[in-house]
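Chain residues, written in single-letter form:
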Amino acid sequence: MVKAEALAQSRWAQARWLVLAPHPDDETLGAGALITHCAANDRLGGIVFLTDGTGSHPEGTPRVAATRRREARNAVGRLGAKAIPTIWMGWRDAHPHPTDSKAFARGADRLAALLRWHRIDAIAVSDKSEAHCDHVAAYKLAEAALRRARRPIALFAYHVWSDTPRRAGHITTPAMPVGQRRHALLAHRSQLSPVIGEGFRLPPEKLRMAAQDVLTLRKDCR
């Protein structure tokens, strides 16, 4: 276990948050408790999905992008955030733009504009230590957007496939109601069953997640 300050007692208690998810389902796996808490307290400015999620199934599988977008909408609703703006960046799953490309710069500019428009104080994104290329790309995109945002914004990381580092500052969200995160994750049927064909399957232990999110402070806004 790592030491973590309670979000409600931290200086980010009244912050306005934005969640950046590499794929549909990462919003629930990595930041579901944060989304639920902030949406209930009018502190969530938006949820941004980086990729279309099509990499979970073999090329040529029909309706993957549309299915995953629909599943994400259902999951977000089950997290209590149906009214929160959701933005799709439209990157191709598992094909992140190089950080020195014009496409990456356009993405960073777009995300920075969203941060300004929604008056975001803190962003939560997949950690840079994650193994998947899209998770790392999401983190790098958040870093680049913060440099362009022209307002003080803290950068927090959530951990889907990586361990929470001990030598860092952390905050922990309030606990979600029992079963709410599992209920939200079950909305992502394509990642749990062959409903649209054979493809990636989330391991069963992901259905037994903690009721709280532990977020790692990567860049302070002070």
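Quick caveat: nothing in here was measured; it's all calculated off a predicted structure.

Attention now goes to the pattern of salt bridges. A complete count under the given rule lists eight salt bridges for this structure. Arg 151 is paired through a salt bridge with Asp 121; the nearest N and O atoms lie 3.2 Å apart. Of this pair, Arg 151 sits in the loop between α4 (133-148) and β6 (154-158) while Asp 121 sits in the loop between α3 (102-117) and β5 (122-126), and the two are 30 residues apart along the sequence. For Asp 121, a relative accessible area of 24% translates into the label partly exposed.

What follows deals with α3. When the terminal C-alpha atoms of α3 are compared, their 22 Å separation across 16 residues agrees well with the 22 Å that a helix rising 1.5 Å per residue should span. Taken as a whole, α3 has its buried residues at Ala 103, Phe 104, Gly 107, Ala 108, Leu 111, Ala 112, Leu 114 and Leu 115. Contacts from the buried residues of α3 go to β2 (17-21), β3 (44-51), β4 (86-91), β5 and α4. Following α3 by one or two positions, Arg 119 adopts a phi angle in the positive range, close to 55°.

Together, Arg 63, Arg 69, Arg 70, Arg 73 and Arg 189 make up a positively charged patch on the protein surface. Note on placement: Arg 70 falls in helix α2 (residues 64-78). Assessed through its relative accessible area of 41%, Arg 70 is described here as partly exposed.

By the secondary structure assignment, Ile 47 is in strand β3. Take Ile 47: its relative accessible area is 0%, and that puts it in the buried class. Separated by 41 residues in sequence, Ile 47 and Ala 6 place their C-alpha atoms 22 Å apart. Excluding residues that lie within four positions of it along the chain, Ile 47 makes contacts with Val 19, Glu 27, Ile 35, Val 76, Ala 81, Ile 84, Pro 85, Thr 86 and Ile 87.

This part covers the pairing of β2. The element β2 is largely enclosed, with a buried count of five among its five residues. Note that β2 and β3 share five bridges and pair parallel. Note that in β3 the partner of Ala 21 across the bridge is Phe 49. The parallel pair β2 and β3, bridged by helix α1 (residues 26-40), forms a crossover whose chirality is right-handed. Both β2 and β5 contribute to a ladder of four bridges, which runs parallel. Within the sheet, the bridge partner assigned to Leu 20 lies in β5 and is Val 125.

Calculation notes
- Residues numbered from 1 in each chain as written.
- Predicted model: local features only at pLDDT ≥ 70, side-chain atom pairs only at ≥ 80, totals over all residues.
- Heavy atoms only, no water.
- Salt bridge = Lys/Arg side-chain N within 4 Å of Asp/Glu carboxyl O.
- Helix = DSSP H or I, 4+ residues; strand = E, 2+ residues; numbered from the N terminus.
- Buried < 20%, exposed > 50% of the residue type's maximum accessible area, 1.4 Å probe, protein only.
- Expected span 1.5 Å × (residues − 1).
- Contact = heavy atoms within 4.5 Å.
- Patch = residues over 30% accessible without salt bridge, like charges linked within 9 Å, V, L, I, M, F, W, Y side chains within 5 Å.
- Areas by Shrake-Rupley, 256 points an atom, 1.4 Å probe, with all protein chains shown as cover.
- Lys, Arg positive; Asp, Glu negative; His and termini not counted.
- Charge placed at Lys NZ, Arg CZ, Asp CG, Glu CD.
- Pairing = 2+ DSSP bridges.
- Right-handed = clockwise from strand over helix to strand, strands pointing away.

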